[in-house]
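# Commentary on secondary and tertiary structure
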Amino acid sequence: MQSLTNRSKQVERKPMTLWEKMYVPAIAKGMSITFGHMFKKKPTVNYPEKQRPFSPVFRGLHVLNRDEEGRERCTACGLCALACPAEAITMEAAERLPGEENLYREEKYAAKYEINMLRCIFCGLCEEACPKDAVYLSETFAPANYNRTTFIYRKEDLLIPDPKTQPAEYAKAKGNKL
Amino acid sequence: MLLSIDWIFIIEKCILIAVIIGISLVVAMYETWAERKVAAIMQDRRGPNRAGVFGILQPMADGLKLFMKEEIIPNLSNRFLFVLGPGLAMLTAMMTSAVVPWSSHLDIKGRMVSLQVADINIGILYIFGVVSMGVYGIMIGGWASNNKFSLLAAVRGASQIISYELAMGLSFIALLMLTGTLSLRTIVEQQQDHLYNFIYQPLGFFIFLICAFAECNRTPFDLSEAENELNFGYHQEYSSMKLGFYLFAEYVNMFISSAVMATLFFGGYDIPFVNDISFGQQHGQNVLAILQGLSLFVKVGVFIFFFMWVRWTIPRFRYDQLMRLGWKILIPLALINMLATGFIILLRNNGWHL
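In this report, the structure presented in the accompanying data block is examined. (Residues numbered from 1 in each chain as written. Chains lettered and ligands numbered in written order. Predicted model: local features only at pLDDT ≥ 70, side-chain atom pairs only at ≥ 80, totals over all residues. Heavy atoms only, no water.)

## Section: the overall build of chain A
Which entries qualify depends on this criterion: Elements are defined by DSSP. Helices are runs of H or I of four residues or more, strands are runs of E of two residues or more, and each kind is numbered from the N terminus. This radius of gyration counts C-alpha atoms alone. The globule rule is 2.2 Å times how many residues there are, raised to the power 0.38. The criterion used for residue contact is that any of the two residues' heavy atoms lie within 4.5 Å. Calculation of accessible area relied on Shrake-Rupley with a 1.4 Å probe; when residues are assessed, cover is drawn exclusively from the protein chains displayed. When charges are counted, Lys and Arg are positive and Asp and Glu negative, with His and the chain ends excluded. In plain terms, the charge of a residue is placed at NZ if it is Lys, CZ if Arg, CG if Asp and CD if Glu.
Scanning chain A for helices and strands turns up 6 helices and 5 strands. Taken from N to C terminus, the helices and strands of chain A fall in the order α-α-β-α-β-β-α-β-β-α-α. Taking 2.2 N^0.38 as the reference for a compact globule, 178 residues should give roughly 16 Å; the C-alpha atoms of chain A span a radius of gyration of 28 Å, well beyond that estimate. Reported as C-alpha extents along the three principal axes, the dimensions of chain A are approximately 95 × 50 × 30 Å. Contacts spanning at least 24 positions in sequence make up 72% of the contacts within chain A whose residues lie at least 6 apart. Carbon and sulfur atoms make up 56% of the accessible area of chain A, which amounts to about 13,000 Å² in all. The average position of the 28 basic charges and that of the 23 acidic charges among the side chains of chain A differ by 16 Å.

Quick look at the structure:
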């Protein structure tokens, strides 16, 4: 048969030599290999005690950010929901009332903001779409749970702690991303 | 009085039996742990490390799990034989330890307490006899399960054990011609004065080692429980502690065969590079006995590690390869070894010196 390429190689099927037939040298070689593996460094990370750092581009759970004075940045413009390829984000807007200037930065804010973490594909397009730097993906991931409804994260779950009243929690939630 | 019974002797032996059985069980328990640990480090993993320091409590957790499992006896199985199988496997595994000399003897208030359950003059024949009974555990378990795979595994295992027993016996005959005794204690005592037997009988030791692997159903000879060919082999239908007994019997077998190999070929309880008798006169007999026991256990530990090392290196034999190795290679080799040894002994007896 004519070969299609010149790379094909005839398989060698010559009978084994006496040395090979004894098998013992081959077994000894194999044993030395496995013995050598005992002194190799183990790549396993002892997970709960030690955690491997995430890469700088890791995209985890969403966080709704606040500004330096602790006001919510989100204006419920809906660009994130529009950009979302998985249609995981829904929101309802509301108008800021007088006296709420310390809570919301602009005149409009999100009264309801939900992300379905089971739909979310963590692509980060919402983060890119947001004109107010309000939503970004943090360095944590969604924990396992028994109940599907717990994976719909409401605004209270997503909002970052207030930097003025809870600076430590704020710094922790913020991570090294921003 | 003719029928006067030495009660202290009986109590002493009962205590010794209990201690030896306890030690065998604990060793078998920690062999399961060591097996997983050795497998892990040879595969660059960490192995069990959650239960206690280094996972040292893992065997307890495993045992508890096995006890808690539902005990299922298949409807169409033979109930009596089904229960008898694991019991027999465990019994034969335990019985072998009776003739192994674990150490010389303790000296308790002038009374010589021998650390061997029975110093019978046919010790090694007893071991061969009991070990060949081990095949019934596999065969009965596989038969009583009423399962094609189990039966196939049992038949395979039985024929394997019977085939390798022949080579094992033949390889031992050469050693027997050298030592001239069947008593394990005498064999050890001879090695205390001379070199260890494996120097005189390297080929015999090698064949004995391979056959010991086959007798223990360890990889590369674990054809009777080939997971990926026969689901789980002869203990497929077993659950709970009956399965535990089978698994445990394998590890006890490993322990005992390591002890037998150490006794026959590596000087048993003899402490290497130390003149035991003068050491005993210097430090007292009890210290010596304990150190000798430890020495035996170190040797056994090395053998057990070797068993595991081989298991995680060599893949399983195919059935025809296994039979060819047993009948066409090991038995002729053992026969040649026997003849060569006999020839040399004959020459030496007629005044021929190296």
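## Quick word on the pattern of salt bridges
Residue and element names in this part refer to chain A. Here is the rule: We define a salt bridge as a contact between a side-chain nitrogen of Lys or Arg and a carboxyl oxygen of Asp or Glu at a distance within 4 Å. Remark: exposure states derive from per-residue accessible area (1.4 Å probe, protein chains only) relative to the maximum for the residue type, with buried under 20%, exposed over 50%, and partly exposed in between.
Within the structure shown, the criterion is met by 16 salt bridges over all chains. Ionic pairing is found between E72 and K155, a salt bridge with its closest N-O pair at 2.9 Å. Of this pair, E72 sits in the loop between strand 1 (62–64) and helix 3 (79–83) while K155 is found in helix 5 (residues 155–158), placing the two residues 83 residues apart along the sequence. Side by side, E72 and K155 carry an identical accessibility label, which is buried. Note that E92 is salt-bridged to K112, the shortest N-O span being 3.8 Å. Remark: K112 occurs in strand 3 (residues 108–116) and E92 occurs in strand 2 (residues 89–95); sequence separation between them is 20 residues.

## Examining the side chain of T92(B)
Residue and element names in this part refer to chain B. With respect to the helices, strands and loops of the structure, T92 is situated in helix 3 (residues 79–95). With a relative accessible area of 5%, T92 lands in the buried category. Those residues in contact with T92 that lie beyond four places of it in its chain are V130, M133 and G134.

## Quick notes on the sheet that holds strand 3 of chain A
All names here are of chain A. To keep things clear, this is the line we draw: Any two strands between which DSSP finds at least two bridges are classified as paired.
Reading across the sheet, the 3 strands line up as 2-3-5 and stay open at both edges, with antiparallel pairing between neighbours. In this open sheet, the two strands that pair with only one neighbour each are strand 2 and strand 5 (152–153). Where strand 3 lies against strand 5, 2 bridges are found, and the strand directions are antiparallel. Considered in strand 5, the bridge of N116 is made with I152.

## Thoughts on the interface of chain B and chain A
Put simply, the rule is: Buried area: the sum, over both parts, of the accessible surface (1.4 Å probe) that disappears when the two are put together. Under the rule applied, a polar contact is a pair of N or O atoms within 3.5 Å (in protein, one hydrogen donor and one hydrogen acceptor; residues adjacent in sequence only if both atoms are side-chain atoms). Under the convention adopted here, Pro, Cys and the residues Ala, Val, Leu, Ile, Met, Phe, Trp and Tyr are nonpolar, Asp, Glu, Lys and Arg are charged, and Gly plus all remaining residues are polar.
Facing 15 residues of chain B, the contacting portion of chain A comprises 15 residues. Taking both partners together, chain B and chain A bury about 1,500 Å²; carbon and sulfur atoms supply 63% of that area. Ranking the residues of chain B by area buried against chain A places D44(B), R46(B) and W309(B) at the top, with a combined share of 40%. Taken together, the links from chain B to chain A amount to 1 salt bridge. Measuring nitrogen to oxygen at the nearest pair gives 3.1 Å for the salt bridge that ties R50(B) to E49(A). Joining chain B to chain A, the criterion identifies 7 residue pairs in polar contact (both at pLDDT 80 or more). Of all the secondary-structure elements, those providing two or more residues to the side of chain B that touches chain A are helix 1 (7–42) and helix 12 (285–311) of chain B. Sorting elements by how many residues they give to the side of chain B that touches chain A places helix 12 of chain B first, with 4 residues. Along the lines of polarity and charge, the residues of the side of chain B that touches chain A split into 9 nonpolar, 2 polar and 4 charged.

## Looking at a nonpolar patch on the surface
Residue and element names in this part refer to chain B. Put simply, the rule is: Distance thresholds for patches are 9 Å for like charges and 5 Å for nonpolar side chains (Val, Leu, Ile, Met, Phe, Trp, Tyr), applied to residues having over 30% relative accessible area and no salt bridge.
Where nonpolar side chains cluster on the molecular surface, the patch consists of I5, W7, F9, I10, I11, I15, V19 and I23 and spans about 750 Å² of accessible area. Position of F9 among the secondary structure elements: in helix 1. The class for F9 is partly exposed, based on a relative accessible area of 40%.

## Remarks on the packing of aromatic side chains
Selection rule: Between rings of Phe, Tyr and Trp, where Trp is taken as its six-membered ring, a pair exists when centres lie within 6.5 Å; planes separated by under 30 degrees are stacked, by over 60 edge-to-face, and by other angles tilted.
With the rule as written, the count across this model stands at 25 aromatic pairs over all chains. Relative to Y246(B), the ring of Y238(B) lies with its centre 5.0 Å away and its plane at 80°, an arrangement referred to as edge-to-face. Just as Y238(B) is buried, Y246(B) falls in that class too. For the ring pair F255(B) and F297(B), a centre distance of 5.9 Å and an interplane angle of 35° mean the geometry is tilted. Taken together, the residues span a long stretch of sequence, with F255(B) in helix 10 (residues 240–265) and F297(B) in helix 12 at a distance of 42 residues. Relative accessible area serves as the criterion here: at 29%, F297(B) is assigned to the partly exposed category. Through a chain of ring-to-ring contacts, the aromatic side chains of F35(A), F39(A), F213(B), F305(B), F306(B), F307(B) and W309(B) assemble into a single cluster.

## Description of the layout of surface pockets
Over the atoms a probe the size of a water molecule is rolled, and this reveals where empty space is left. Using the following cut-off: The pocket and cavity definitions rest on a 1 Å grid over protein atoms only: a 1.4 Å probe that fits but cannot leave marks a cavity, an open set with protein on both sides within 12 Å along at least five of seven lines marks a pocket, and residues lining either have an atom within 4 Å of a point. Grid points are joined across faces, edges and corners, and a volume is the space filled by probe spheres set on the points.
Considering only enclosed or pocket space, the largest pocket measures out at about 1,000 Å³ in volume. If you list the elements that add at least two residues to the lining of the largest pocket, you get helix 2 (24–37) of chain A together with helix 8 (202–215), helix 12 and helix 13 (319–349) of chain B. By residue class, the composition of the lining of the largest pocket is 24 nonpolar, 3 polar and 3 charged. Its boundaries defined by the atoms lining it, the second largest pocket holds a volume of some 780 Å³. Around the second largest pocket sit 32 residues that line it, and T32(B), D62(B), L66(B), L247(B) and Y251(B) are the ones nearest its centre. Secondary structure elements with two or more residues in the lining of the second largest pocket: helix 1, helix 2 (58–68) and helix 10 of chain B.

## Structural notes on helix 8 of chain B
Since the α-helix advances by 3.6 residues per turn, residues separated by three or four positions end up pointing in the same direction. All names here are of chain B. The following threshold applies: Helix span, expected: 1.5 Å multiplied by one less than the number of residues in the helix.
The end-to-end C-alpha separation of helix 8 is 20 Å, in line with the 20 Å expected for 14 residues at 1.5 Å each. Among the 14 residues of helix 8, 11 are classified as buried, and the element is accordingly described as predominantly covered. Three or more residues of helix 8 are buried, namely G204, F205, I207, F208, L209, I210, C211, A212, F213, A214 and E215. The first or second residue beyond helix 8 is N217, which carries a positive phi of 55°.

## Focus on empty space enclosed by the protein
All names here are of chain B. Within the structure shown, the criterion is met by 3 cavities of 30 Å³ or more. The computed volume of the largest cavity comes to approximately 370 Å³. Contributing to the lining of the largest cavity are 27 residues, with V131, G134, E215, C216 and N253 lying nearest its centre. Counting only elements with at least two residues in the lining of the largest cavity, the list comes to helix 3, helix 4 (123–144), helix 5 (148–179), helix 8 and helix 10. Ranked by residues supplied to the lining of the largest cavity, first place goes to helix 4 with 8 residues. Of the residues belonging to the lining of the largest cavity, the class tally is 18 nonpolar, 6 polar and 3 charged.

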